[in-house]
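Letter by letter, the chains look like this.
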Amino acid sequence: VIVQGRVLDEKGQPLFGATVDEKGKSNSTTTGADGRFSLEVSGSESVLTISFVGYKTMEVKVGNQTSIEVRMTLANDSLSDIVVIGYGTVKKKDVTGSVVTVDSKDFLPGTVTSAENLLAGKVPGLSVTPGSGAPGSGAAIYIRGISSLNANQRPLIVVDGIPLDGNGITGSVNTLGLINPNDIEAISVLKDASATAIYGSRASGGVILITTKKGSRGNKLNVTFNSNNALAVKTKSLDVLSANQFRAIIDTIGSPEQKAALGNANTNWNDEIFRPAFVTDNSLSLSGGIRNLPYRLSIGQLNQNGTLRTGYYNRYTGKLTINPSLLNNHLNVTVNLLGSLERNRIADEDAINAAAIYAPTQPVYMEGSPYGGYFEYIDPDGFVNAKNPFNPMGILQSLKKSSANKFMGNIVADYRFHFLPELRANLNLAVENTDGKYSEYHPLTQASYARSGGSRYAREQGKRNKTAEFYLNYNKAFRSIKSTVDLTAGYGYYDFKYGVPAYVSTNLNGDVIWTNNADSAQNTLISYYLRLNYKFNDRLMLTGTVRTDGSSRFAPATRWGTFPSGALAYQFINNPNSKLNSLKARIGYGITGQQDIGSYYAYIPTYTIAPTNNAYYINGNFINGYTPGGYNTGLKWESTSIANFAVDFGLFNNRLSGSLEFYKKKTSDMLINAKLPAGANLASSIFQNIGSMENTGVEFSINSTPVKTKNFQWDANFYITYNENKVTKLTQYSQPDFQGYPVGSVQIIKVGYPAYSFISYQQRYDKGKPIENGYVDFNGDGIINADDRYIGKSPLPKYIMGFSSSVQYKKFNAGLVARANMGNYVYNNYAAAAGHQTWMAGTFLTAVNASSSILQTNFKTLQTYSDYYIQNASFLKFDNISAGYHVGKILNNVADLTISAVVQNAIVFTKYSGVDPEIA
């Protein structure tokens with residue numbers, strides 16, 4: 001019996017690509033662009049099963065019908081959602097690994113300039129630490145703690161199948177600046193090895209998959225315009241002495257010359273260099289379909305002024321996606337083209353340091369000043385002595401400009417074989433090209449450059465990255481044995497190349513100050529991968545993956561690494577009609593690799609041209625020599641193994657759902673740039689495979705809809721992550737007395753402690769006040785020296801929490817997003833360095849301002865190693881508070897209008913006394 005029919009969506013529009021099969025049989029078909037299908041079935045007792053992503057699966061008995069029309073309804077069960085994974089998709093209920101997806105309806109509202117900020121407070125185990133605060137700056141991202149010391153720890157970011165380089169480039173303030181957040185449909189975060197091992201190399205820090213918006217079939221044109229306009233203001237500055245406090249101290253401890261030069265002004269230098277900054281973010285998109293050619297075109301414009309005066313960031317983005325279906329829907333082609341132009345002026349951040357120390361008793365301006373009219377400490381020779389600080393406003397005369405032109409595009413061809421519909425071939429060809437420029441100009445009116453005649457230089461950098469991937473996928477349901485097999489086998493080629501032309505720095509007369517030689521490098525990865533997803537009786541799910549990667553960063557003997565993983569999941573309960581709707585357990589283990597150490601040729605003897613000031617003068621000519629570099633022929637892959645166990649649950653029609661996960665993450669053969677004995681190599685330190693590190697953690701998340709009525713709905717989500725980091729090995733051979741690697745003055749990497757733990761003296765107190773040079777004698781030998789320093793607090797948070805809540809009443813909506821870190825500490829470097837009398841009166845010729853902590857400590861000298869300055873940096877931040885109103889149809893029903901107001905970075909609760917407890 002031949003049954004014909006038509007499948008429509010919830011609005012009555014044709015649904016293209018819906019699957020129609022005969023229940024219990026192997027025959028199936030898909031709907032065409034007009035939603036129609038034709039299928040031969042066994043007889044009148046046959047039952048048709050119709051399914052489509054995001055819609056409830058429907059069953060229709062054929063009976064005596066020869067023409068059937070089916071209208072699908074949207075699925076309200078979150079477990080039916082489709083999750084994007086590496087090289088494919090799966091139903092959320094069939095996921096075996098640790099994968100969290102955040103789609104556009106859950107993104108943070110407001111002015112979001114970079115994609116990673118959409119995820120803040122949304123994903124358990126994901127830490128998104130804001131950058132410098134400069135306009136356009138990105139964020140530092142970590143998944144389940146840090147996993148390496150010197151190798152790249154960032155997650156691999158894949159945009160529409162294009163794995164991004166991830167490394168920065170001259171002229172661009174953020175590697176993700178290419179992507180307009182308004183173009184993003186969903187983001188999937190892959191956290192455990194079962195989910196990430198398909199990406200093998202570069203996946204030890206996790207994987208973030210970004211899916212952008214696409215067009216839809218049908219002739220209807222959809223136009224969307226978004227405009228976000230914001231005012232950004234500085235919320236806190238370094239806590240310095242007021243003019244009166246400054247005068248009182250200098251009158252006591254200053255030299256006669258410093259007292260005479262105090263000045264009569266009352267200047268708050270932070271108020272001078274900072275300003276309210278306006279931000280506008282506009283985007284326009286056109287989407288729809290022309291016959292069988294869906295398309296989406298978008299353009300975006302972001303203008304962001306910096307709160308530090310003179311800084312701004314302008315970005316212009318464009319994206320075109322077309323995704324036609326050809327050959328009777330057997331060939332699906334997707335073309336993605338993304339481009340961006342960035343134009344920036346980078347405010348000189350030296351002004352922030354200067355504002356913290358410049359005397360508040362001096363005025364901003366000085367009549368007759370040759371330095372832009374700004375007050376400066378001018379010597380009799382007309383210049384400013386280098387032993388004096390420079391006016392913060394004068395420093396902002398620097399002209400630092402950057403620009404970047406980025407292009408990224410790919411074409412994906414997915415062919416479902418006519419003779420074997422269960423078999424697909426997928427080809428992905430992609431390029432990622434970036435050209436960046438950076439220039440600096442320091443005029444003669446800038447006091448710090450006047451003596452040298454000013455300064456200017458410009459440098460460029462170009463990147464050319466290529467990707468070629470091909471895989472075969474076989475997906476078939478064997479109904480007789482209640483099994484589904486999904487098998488993927490593929491190959492990947494990834495080539496990364498950069499080049500930097502030579503450039504010089506000159507004064508404004510054209511005299512060369514220094515020369516930088518040209519540089520270029522290339523790195524290539526080749527990969528083979530295989531994955532099996534097996535499902536039995538809709539309850540048992542098994543995933544096995546193996547990937548082997550070859551990296552040109554390593555010698556042929558150690559070039560290849562193999563990264564396997566396996567995961568098992570069992571669906572104990574899947575019943576939408578019971579109070580406990582779903583209960584699933586997952587367990588997995590796998591290994592991923594890392595080879596991104598920055599150096600492209602760490603295993604090869606290399607020579608670089610020596611700088612001009614080291615040239616030889618021979619027969620009247622300067623001859624540049626060559627400098628040999630250190631190398632390690634035995635360098636090999638760093639590997640990270642992850643074990644994961646989880647339970648997922650859903651209750652009350654999935655109005656309450658969540659998961660509980662336990663994981664252990666161990667990195668071995670860490671790529672560390674470690675020091676060598678003198679004369680052992682051609683460098684004092686080289687990359688070596690030494691050491692190991694562990695992260696052990698627990699994640700709990702819960703999503704709920706406590707109230708849901710016809711006119712009112714309240715949604716609330718919460719997660720908490722516990723992560724404990726520990727360095728377990730740092731040497732190739734057992735050395736129990738090895739003291740570890742110091743990092744700066746007050747941090748250390750040592751076995752048995754979290755990475756970058758603080759090492760300090762324990763401060764002694766008298767009536768609540770710290771005693772100068774008063775420290776605990778830990779070893780009891782009667783002498784206070786380095787042997788009495790102890791390893792204590794960690795900068796890594798033990799607990800990360802996120803909370804979001806939204807309410808909707810008729811046309812009104814409101815929401816908030818908050819997150820918290822607990823158990824992390826920060827060394828208040830400013831308070832330590834500038835919190836003593838010697839700093840104020842003995843560092844420069846003139847007196848300089850100090851941290852207000854000096855009022856509590858009365859320290860006369862620098863107390864670098866005191867744990868008084870290691871402060872609790874736990875915090876609770878309300879990142880986002882929003883309210884909106886859906887106006888509805890306007891302009892004769894042509895447009896739909898929604899108005900919203902958002903406060904970002906609204907409230908911070910913390911004991912940390914510095915500007916912000918969240919320091920990357």
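Up top you'll find the structure we're talking about.
Residues numbered from 1 in each chain as written. Predicted model: local features only at pLDDT ≥ 70, side-chain atom pairs only at ≥ 80, totals over all residues. Heavy atoms only, no water.

Chemist: Would you mind going over the overall build of the protein with me for this structure?
Modeler: A tally of regular secondary structure across the protein gives ten helices and 54 strands. Relative to the 2.2 N^0.38 estimate, which gives 29 Å for 920 residues, the radius of gyration of the protein is 31 Å and therefore close to what a compact globule would have. For the protein, the C-alpha atoms occupy an extent of roughly 110 × 70 × 65 Å along the three principal directions. Every one of the 920 residues in the protein was classed for burial, and the buried ones make up 48%. By sequence separation, contacts in the protein at least 24 residues apart represent 67% of the contacts at least 6 residues apart. Entry remark: accessible area of the protein is about 42200 Å², with carbon and sulfur atoms responsible for 55%. Looking at charge distribution, the protein has the averaged site of its 83 positive side-chain charges lying 6 Å from that of its 68 negative ones. (Helix = DSSP H or I, 4+ residues; strand = E, 2+ residues; numbered from the N terminus. Rg over C-alpha atoms; globule rule 2.2 N^0.38 Å. Buried < 20%, exposed > 50% of the residue type's maximum accessible area, 1.4 Å probe, protein only. Contact = heavy atoms within 4.5 Å. Areas by Shrake-Rupley, 256 points an atom, 1.4 Å probe, with all protein chains shown as cover. Lys, Arg positive; Asp, Glu negative; His and termini not counted. Charge placed at Lys NZ, Arg CZ, Asp CG, Glu CD.)

Chemist: Help me understand the side chain of N388 in this model?
Modeler: Mapped onto the secondary structure, N388 falls in the loop between helix 5 (350-357) and helix 6 (392-395). With a relative accessible area of 4%, N388 lands in the buried category. A polar atom in the side chain of N388 sits 2.9 Å from the side chain of T846. Sequence-distant contacts of N388, that is, excluding residues within four places in its chain, are made with Y377, F844, L845 and T846. (Polar contact = N/O pair within 3.5 Å; in protein donor to acceptor, adjacent residues only side chain to side chain.)

Chemist: Looking at this structure, how should I read the sheet that holds strand 45 (residues 757-760)?
Modeler: The strands that make up a sheet are held in pairs by hydrogen bonds between backbone atoms, and each pair lies either parallel or antiparallel. Across the sheet, four strands lie side by side as 43-44-45-48; this open sheet has antiparallel pairing. Strands at the two margins of the open sheet, each flanked by one partner only, are strand 43 (741-743) and strand 48 (790-791). Across two bridges, strand 45 lies against strand 48 in antiparallel orientation. What sits directly across from S760, in strand 48, is Y790. (Pairing = 2+ DSSP bridges.)

Chemist: Got a minute to help me understand empty space enclosed by the protein in this structure?
Modeler: It is the rolling of a water-molecule-sized probe over the atoms that shows where space remains empty. In total, this model carries six cavities of 30 Å³ or more according to the counting rule given. Taken as a whole, the largest cavity encloses approximately 80 Å³ of empty space. Lining the largest cavity are 13 residues; nearest its centre among them are L126, S127, V128, I800 and R819. Contributions of two or more residues to the lining of the largest cavity are made by strand 11 (126-130), strand 49 (799-809) and strand 50 (812-822). (1 Å grid on protein atoms, 1.4 Å probe; cavity = no way out; pocket = protein on both sides within 12 Å on 5 of 7 lines; lining within 4 Å. Points joined across faces, edges and corners; volume = space filled by probe spheres on them.)

Chemist: What is the right way to read the packing of aromatic side chains from this model?
Modeler: Aromatic ring pairs are reported here in terms of the distance separating the ring centres and the angle at which the planes meet. Taken as a whole and judged by the stated rule, the model has 29 aromatic pairs. Residues Y415 and F417 carry aromatic rings whose centres are separated by 5.0 Å and whose planes lie at 70 degrees to one another, so their mutual orientation is edge-to-face. Judged by relative accessible area, Y415 falls into the partly exposed class, the value being 22%. Look at F417 and you get buried, because its relative accessible area is 17%. Ring centres of Y868 and Y869 lie 5.2 Å apart, and the angle between their planes is 85 degrees; on these two criteria the pair is classed as edge-to-face. Assessed through its relative accessible area of 1%, Y869 is described here as buried. Through pairs of rings, three or more aromatic residues link up here, namely Y87, Y199, Y471 and Y529. Stacked on the ring of F478, the Lys or Arg K476 has its end atom at 5.7 Å from the ring centre. Sitting over the face of the ring of F875, K877 holds its NZ or CZ atom 5.4 Å from the ring centroid. (Phe/Tyr/Trp six-rings, centres within 6.5 Å; stacked < 30°, edge-to-face > 60°. Lys NZ or Arg CZ within 6 Å of the ring centre and 35° of its normal.)

Chemist: Explanation requested: the nonpolar core in the structure shown.
Modeler: The nonpolar side chains of a soluble globular protein tend to be buried, and buried together. L241, F246, I273, M393, W839 and M840 are the most contacted members of the largest nonpolar core, which totals 37 residues. When contributions to this core are tallied by element, the ones reaching two or more residues are helix 2 (243-253), helix 4 (269-273), helix 5, helix 6, helix 7 (447-450) and helix 9 (837-842). F246 has contacts with L241, L262, A359, P360, T361, M840, A847, V848 and N849, leaving out every residue within four places of it along the chain. I198, Y199, Y494 and L671 belong to the second-largest nonpolar core, a separate cluster that totals 31 residues. (Core = buried A, V, L, I, M, F, W, Y, C linked by side-chain atoms within 4.5 Å.)

Chemist: When you look at the pairing of strand 4 (residues 36-40) in this model, what are you seeing that I'm missing?
Modeler: The two faces of the sheet receive side chains in turn, since in a regular strand these alternate between them. By the alternation rule, side chains of strand 4 split into F37 and L39, which are all buried, and R36, S38 and E40, of which none is buried. Direction of pairing for strand 1 (residues 2-8) relative to strand 4: antiparallel, over a ladder of five bridges. Note that in strand 4 the partner of R6 across the bridge is R36.

Chemist: Is there a simple way to explain the pattern of salt bridges in this structure?
Modeler: As a working rule, side chains carrying opposite charge can pair if their charged atoms are close by. Scanning all chains against the criterion turns up 26 salt bridges. Close ionic contact of R479 with D21 constitutes a salt bridge, the shortest N to O distance being 2.5 Å. Separated by 458 residues along the polypeptide, R479 in the loop between strand 25 (455-478) and strand 26 (483-500) and D21 in strand 2 (residues 19-22) bring together distant segments of the chain. Judged by its relative accessible area of 39%, R479 falls in the partly exposed class. The exposure class assigned to D21 is buried, which follows from its relative accessible area of 10%. The partner of R547 in a salt bridge is D549, with the nearest N and O atoms 3.2 Å apart. Neither R547 nor D549 differs from the other in exposure class; each is buried. One salt-bridge network, held together by shared partners, links R144, K191, R586, D648, E661 and E699. (Salt bridge = Lys/Arg side-chain N within 4 Å of Asp/Glu carboxyl O.)

Chemist: Hey, could you run me through the pairing of strand 45 in this one?
Modeler: Of the two faces of strand 45, the one lined by S757 and I759 and the one lined by F758 and S760 are each fully buried. Pairing of strand 44 (residues 747-749) with strand 45 involves two bridges; the strand directions are antiparallel. Bridge pairing in strand 45 places I748 opposite S757.

Chemist: How should the sheet that holds strand 3 (residues 28-30) be read in this particular structure?
Modeler: What the four strands build is an open sheet, ordered 3-2-5-6; its pairing is antiparallel. Each of the sheet's edge strands pairs with one partner strand only, and the pair in question is strand 3 and strand 6 (58-61). Pairs of neighbouring strands in the sheet enclose a mean axial angle of 20 degrees, with direction left out of account. Of the pairings in the sheet, the one linking strand 2 to strand 5 (residues 47-51) comprises four bridges and is antiparallel in character. (Axes fitted to C-alpha atoms, helices over the stretch in contact; angles between N-to-C directions.)

Chemist: I'm lost on the environment of A447 in this one. Help?
Modeler: Among the structural elements, A447 can be located in helix 7. The sequence separation of A447 and N581 amounts to 134 residues, and the corresponding C-alpha distance is 71 Å. In this structure A447 touches Y371, E376, V384 and F390, once residues within four positions along its chain are discounted.

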